[in-house]
Amino acid sequence: MSHLSLAPLRNRIWSLKPYPSVPWSHPFSTQPYPHGSSVPQRNREQKQKRLREKQRALDKEMAVNSKLPVKSSKSWIAKETVLYEIPTKPGEKKDVTGPMPPMYSPQYVEAAWYPWWVQEGFFKPEYQSQLPQATGEIFSICIPPPNVTGSLHLGHALTVAIQDALVRWHRMRGDQVLWIPGSDHAGIATQAVVEKQLWKEQGIRRHELNREDFLKKVWRWKEEKGGEICEQLRALGASLDWDRECFTMDAGSSVAVTEAFVRLYEAGLLYRDQQIVNWSCALRSAISDIEVEGRPLPGRTEFCPPGCPYPVSFGLLFSVAFPVDGDPDTEIVVGTTRPETLPGDVAVAVHPDDPRYIHLHGCQLRHPLSGKSLPLITDPTIQPDLGTGAVKVTPAHSLVDADIGARHKLIPVNVIGEDGTMVSPCGDWLQGLHRFVAREKIVSMLKEQGYFRGIQDHPMVLPICSRSGDVVEYLLKNQWFVRCQKMGEQAAQAVESGALCLNPPFHQKNWQHWFSNISDWCVSRQLWWGHQIPAYRVFGKEGDIEECWVVGRSEAEARKVAAELIGRPEKELTLERDPDVLDTWFSSALFPFSALGWPQKTPDLNRFYPLSLLETGSDLLMFWVGRMVMLGTQLTGQLPFPQVLLHSMVRDGQGRKMSKSLGNVLDPRDVIRGAELQVLQEKLKDGNLDPRELQMAAAAQRKDFPQGIPECGTDALRFTLCSHGTQGNDINLSVSEVLSSRHFCNKIWNAMRFILNALGDRFIPHPIEELSPSSAMDTWILSNLAFTAGECERGFLAQELSLITHALYHFWLHKLCDVYLESVKPVLSRSPQSPGLLQTLYSCADVGLRLLAPFMPFLTEELWQRLPHRPNCAPAPSICVAPYPCAQNLCCCNVQSPKNNTSMKIS
C-alpha cells in the first residue's frame, strides 16, 4: 500500500526547535511579557530557574531514552466515581453540554460513546470512503479469532490495543479500513466444556446422546455463553465492523472449508493414509503438534496422568535384555523410557558399523516377554554412542521407529488403544489395563524372568497434551493429511524474496526454520463439534469393495464421483461419511478468506487485499500464520499477506508467563473497571484448576493484589500496552504501570478543563493557516506540537507505537501542562487577553487530542466534543473520523516573530 512519503518532511520536522531568539535550554525570556505586565522580580527569577532546570532534565532524558519514562508507583487512594446519568438510548449521542466533572472518572468518560460509534457506522469502510480526507487506499486487517470458550486476557488486550491504534490512525488519515470481528469454534475446548457441563448437570457422557442432540446442546451453550469475548472487545474500544462479524462454524465458513478440502484433494495435496499421529487418550482424538507441550524432566519425576490410579515416575531409562535365539548366553541390552510399548516391538536395530554387534548381524532375538523371534536389523540412523547403541523398534508407537519399520518392511503391532489401555495383541495378562499400570506389571515380569538389567535417571522431554494434561501417545491411525512441503517452500520463498515482510525482521529466521522442518499436517479429529470431513467411504451391495474413499462438496457429488471411479451405477453404491471433523486450525487458517466471502465473493476478496496480521510472537503464531499463508496462496492463487506484524508476549510484573495456576491471568475488564480481591478469587473457582493449583493461584493473587485492582479505565490500559516496545523482548506489565497512565489521563483532563475555561463560551477558532502566535512561548509550544505530529507519523509508518506514546506523553505532560500552561496562567489573569494566545491554546487542544485519539478513544472523544468548531467548515461528527494531524500542514502555518512581527514558518 502506498503512503505519504516522509522524505521531504524529515529535514523540516526532525530538526524542529523553538524560535531562534529563545534558547532551547532557556524557554522563557527574562524580559517583561509582551503585553506590558510585570511580575515581582524575585518570584519570576525563582520560577524561571525551576523551569530551566526542569527543561534541561527533560531534554537530557529525551535525548538518552527513547522509551516512555519509568513512572514511580503511587499508592492508590480510591477516587470518587462519577457516573454519566443523563438518560441516553443505546446508539444515541452522548450529551456533553453540561459542565465537566472536577476530576477524571473512567466510568463517566467511557459511557455511551461506543454504541453511538457503531450506530453511526464510523467503523464501516463504506462510511469512510465518503470522508473529506478519503485517500482511496484500503487498509484491511485480520483479528486472530479467539476461542469462543474462553475470555480475553491481557495478551489478547495487547493485540487489540495495537490493532485498534493502527486501524484508527488509518481511518483518520482517510483510508478505507476493514477490521472484521470473529471467533473460533475451538473444537476440542468447546466440546470438553459442554461435556463437563453434561456430566455435572445430568450425569451423562456425550456418547449416551446421539451426535445431533449433542451438537444442539453445544450450539445452545455457544449462544448463551459465547458472547463474552465480544463484550470484552467493546470494552476495549475495538473499532470493528460488527455487521461483518463471523464465526468459524457459520454457513459461510462451512462453505469455504468444504471448498478448500475438495480443491486440495483434487490438486493432490490432501490424502488419506495410515501414519503416526499425536494422540490424546483423555480426549480420544488426534491433536496438532502445536498442542503438544514438551515438559523437560531432569530425571526421575512423578506425575499423575488423567485416568491413572496413582502417580507414575517418568524421566527413567529401563534396560532390558533381548537374548540371542539359539545362544542363551548372548544377549543385546536395549534402553527404553517406555516399557509399556515392549509388547509392540518387532525388531532390535543397531548401526551397521558398530563393532560390538557386527558378529550378530542376521541373528534372531527372542522377545523377553512373549518369547517370539525378532530380527536384529542394521540401520544407519542408529547412533552407536547413545546408550548401548541398540534400540528396540516399535513402529506403531514411535515416529522414528515407523520410518525404520517402513524401510525394513516391518509389520507394526499396535498394543495401546485410543483410550490409553492395552489391547489384545499384548496378551490377556495386560489387555484392558491402563498403559502406565501395565508399565509396572511389565517391569515386574521382566524382573521375574531375569531380563531386567537396571534403571537409571534419564533427562528427557515428556510430551503433554496442552488441552487435557495427559501424556501424549503416538498411535498409528488412518487419517487425512495435507501435503505441506511444496506449499511450505512457497511460504518460505515469499519471505526470502521480500514478497512477505515479517516485522520485526529477526522473525525471518524462525519462519524459515519452521518451514524447513515442516511435515504433513494431520487434519482429522475424532470429535463431534467441528466441520465434518466431506469424504465418504464407498461400499457395494455386498460390501466387497476394497477400502475406497471419495471427496465431494455434497453426498450427491461424491456419489457421482464414486460411480465413475468404480464403474458401477450410483444406486448400487452405499456411501458412509467420515464421522471425524477437521482440525480447528484448518478453518481458522481460512478465516481471513471466508470472512471476506471466499469462495463466492472473489472480487470482494481481491478488493480488500492486502491484509495485515498481528499476533504474539510465538510458536502458535508461526503455526497459525504459516497455515494461512500456505492455504491462502494455494487456494486464491496469490500471496494473501504482504506483511505480518509480530508483537511481544505479555508477562506479569515479575516477568512470569501468564498462567491460570499462577493466578496472574487477568481479564482486561478487571483492570478497566477495577476488581475487589474477593471477586478475583471467585473467578479462579470458575476455572478448571485442580485443588492444589487453585490454592497456589489464590495465594498468588492475595500477594499481588492485596487490595484488589484499582479502576484504571480503558484508555489507560491501551496507552500502557502500546507504550512498551512491542517489536522486541517480552513485555512485563504491572497494574501499577496502568495506574500511572490513569494519572496521565487525569492530567489531560485537568489541562482541558483549564483550556476550555480559558476559551470561554464566545471563543471562535480561526483556520489553522491563519494561526499567528503572539509570543515566543506560543511559537515554542507550536513548534513542539509540530515536532510531536512528525514523531507520531514516523511511529505509525514504522509500526512502532512506543515512539508515538513517548512523544505524546512528553508533549502533553512536560511541554503543554508543566511548561506552557504554567507560563500563560499569569497572562490569562489579565485583560484584555491576546487573541493569538487563545488560538494557540485551542490548536494545542484540538491537534493534541486528535494525535492521541488512536490510543485513548474514549477520553479524546469526550474532550474533543466539548471544543468549539471552526466556522465555515463542516466539522467531523466524531474524533474517530476527524483528519489525523499532518506534520507538514502544521509546519506550513504562519507565526509571528515576537520581536519584529514578521511572518515566518515553524521549521
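Right, let's walk through the structure included here. Just so it is clear, the model here is predicted, and its values are computed rather than measured. (Residues numbered from 1 in each chain as written. Predicted model: local features only at pLDDT ≥ 70, side-chain atom pairs only at ≥ 80, totals over all residues. Heavy atoms only, no water.)

Our focus in this paragraph is the overall build of the protein chain. Regarding its fold elements, the protein chain presents 29 helices and 31 strands. Counting every position in the protein chain, which comprises 907 residues, the buried fraction comes to 55%. For the protein chain, the exposed area adds up to about 39500 Å²; of that, 50% sits on carbon and sulfur atoms. (Helix = DSSP H or I, 4+ residues; strand = E, 2+ residues; numbered from the N terminus. Buried < 20%, exposed > 50% of the residue type's maximum accessible area, 1.4 Å probe, protein only. Areas by Shrake-Rupley, 256 points an atom, 1.4 Å probe, with all protein chains shown as cover.)

Counting residues in each nonpolar core, the largest one holds 175 residues, and the members touching the most others are Trp511, Phe586, Trp812 and Tyr820. Looking at which element gives the most residues to this core, the answer is helix α26 (residues 801-828), with 15 residues. Here tyrosine 820 is in contact with Met777, Asp778, Trp780, Ile781, Lys815, Leu837, Thr840 and Leu841, once residues within four sequence places are set aside. (Core = buried A, V, L, I, M, F, W, Y, C linked by side-chain atoms within 4.5 Å. Contact = heavy atoms within 4.5 Å.)

Here we take up the layout of surface pockets. To find the voids left in a structure, one rolls a probe of water-molecule size over its atoms. Here the second largest pocket is characterised by a volume of approximately 1400 Å³. Together, 50 residues line the second largest pocket, and Thr337, Arg338, Ser398, Val400 and Asp401 are the ones closest to its centre. Top contributing element to the lining of the second largest pocket by residue count: helix α11 (residues 399-407), with 6 residues. (1 Å grid on protein atoms, 1.4 Å probe; cavity = no way out; pocket = protein on both sides within 12 Å on 5 of 7 lines; lining within 4 Å. Points joined across faces, edges and corners; volume = space filled by probe spheres on them.)

Moving on, we come to the packing of aromatic side chains. Evaluated as defined, the whole model comprises 29 aromatic pairs. Aromatic ring contacts, followed pair by pair, group Trp169, Phe719, Phe744, Phe796, Tyr809, Phe855 and Tyr884 into a single cluster. When the ring centre of phenylalanine 247 is taken as reference, the NZ or CZ atom of lysine 222 above it lies at 4.3 Å. A cation sits over an aromatic face here: lysine 447 above phenylalanine 452, 5.2 Å from the ring centre. (Phe/Tyr/Trp six-rings, centres within 6.5 Å; stacked < 30°, edge-to-face > 60°. Lys NZ or Arg CZ within 6 Å of the ring centre and 35° of its normal.)

Since one α-helical turn is 3.6 residues long, residues separated by three or four positions face the same way. For helix α23 (residues 714-723), a buried count of 10 out of 10 residues is recorded, marking the element as mostly surrounded by other parts of the structure. Burial in α23 covers these residues: Thr714, Asp715, Ala716, Leu717, Arg718, Phe719, Thr720, Leu721, Cys722 and Ser723.

This part is about the sheet that holds strand β18 (residues 473-482). The strand order across the open sheet built from 4 strands is β6-β5-β18-β20, with neighbouring strands paired in antiparallel fashion. Of all the strands in the sheet, just β6 (285-286) and β20 (521-522) have a single pairing partner and so form its edges. Where strand β5 (residues 270-280) lies against β6, 2 bridges are found, and the strand directions are antiparallel. Bridging across to β6, tryptophan 279 finds its partner in alanine 286. (Pairing = 2+ DSSP bridges.)

Looking now at the packing of helix α6 (residues 154-172) against α23. Relative to each other, α6 and α23 sit at 90°, their axes nearing to 9 Å. Judged by the angle between their axes, α6 and α23 are roughly perpendicular. On α23, the residues that touch Leu154, Ala157, Leu158, Ala161, Ile162, Asp164, Ala165 and Arg168 of α6 are Leu717, Arg718, Leu721 and Cys722. A breakdown of the residues in the contact of α6 with α23 according to their chemical character gives 9 nonpolar, no polar and 3 charged. (Axes fitted to C-alpha atoms, helices over the stretch in contact; angles between N-to-C directions. Parallel < 35°, antiparallel > 145°, perpendicular 65-115°, else oblique. Nonpolar A, V, L, I, M, F, W, Y, C, P; charged D, E, K, R; others polar.)

The omega torsion across tryptophan 598 and proline 599 is 5°, close enough to zero to call that bond cis. Mapped onto the secondary structure, proline 599 falls in the loop between α17 (591-594) and α18 (602-607). Positive phi, close to 50°, is recorded for alanine 186, a residue that is not glycine. Here alanine 186 shows up in the loop between β3 (182-183) and α7 (187-202).

The buried fraction of β18 is high, at 8 of 10 residues. The pairing of β18 with β20 spans 2 bridges and is classified as antiparallel. When the bridges of β20 are listed, valine 482 appears paired with tryptophan 521.

Take the sheet that holds strand β23 (residues 549-551) next. Strand order in the open sheet made by the 3 strands is β23-β22-β24, with antiparallel pairing throughout. Either end of the sheet is taken by a strand with one partner, and the two such strands are β23 and β24 (574-577). The mean inter-strand angle of the sheet, taken between neighbouring strand axes irrespective of direction, is 35°. Sheet analysis places strand β22 (residues 535-539) next to β23, joined by 3 bridges and oriented antiparallel. Residue pairing in the sheet places arginine 537 in a bridge with tryptophan 549 of β23. Together, β22, β23 and β24 form the strand contacts of helix α15 (residues 555-566), whose direction differs from that of β23 by roughly 130°.

Our focus in this paragraph is the packing of helix α25 (residues 776-798) against α26. Between α25 and α26, the least distance of the axes is 8 Å, while the angle of their chain directions is 170°. With respect to each other, α25 and α26 are oriented roughly antiparallel. The segment α25 lies against α26, with Met777, Asp778, Trp780, Ile781, Asn784, Leu785, Thr788, Glu791, Cys792, Arg794, Gly795 and Phe796 engaging Leu801, Leu803, Ile804, Ala807, Leu808, Phe811, Lys815, Leu816, Val819, Tyr820 and Ser823. Of the residues assigned to the contact of α25 with α26, the class counts are 15 nonpolar, 4 polar and 4 charged.

Within the fold, arginine 439 resides in helix α12 (residues 435-449). Judged by its relative accessible area of 3%, arginine 439 is buried. For arginine 439, the residues in contact, after removing those within four places along its chain, are Val312, Ser313, Phe314, Thr337, Arg338, Pro339 and Glu340.

Scanning the model with the defined rule gives 40 salt bridges in all. Between lysine 392 and aspartate 345 there is a salt bridge whose closest N-O contact spans 2.7 Å. Of this pair, lysine 392 sits in strand β15 (residues 390-393) while aspartate 345 is found in the loop between β11 (327-336) and β12 (347-350), placing the two residues 47 residues apart along the sequence. Arginine 866 is the partner of glutamate 862 in a salt bridge, and the nearest nitrogen-oxygen pair spans 2.9 Å. Note on accessibility: glutamate 862 and arginine 866 belong to one class, buried. Residues participating in the shared-partner salt-bridge network are Glu228, Glu231, Asp667, Arg669, Asp670, Arg673 and Lys683. (Salt bridge = Lys/Arg side-chain N within 4 Å of Asp/Glu carboxyl O.)

Counted at 1.5 Å a residue, the expected span for α25 with its 23 residues is 33 Å, and the 33 Å between its end C-alpha atoms agrees. Extensive coverage of α25 is indicated by the burial of 19 of its 23 residues. Positive phi appears at glutamine 799, one or two residues downstream of α25, with a value of about 55°. (Expected span 1.5 Å × (residues − 1).)

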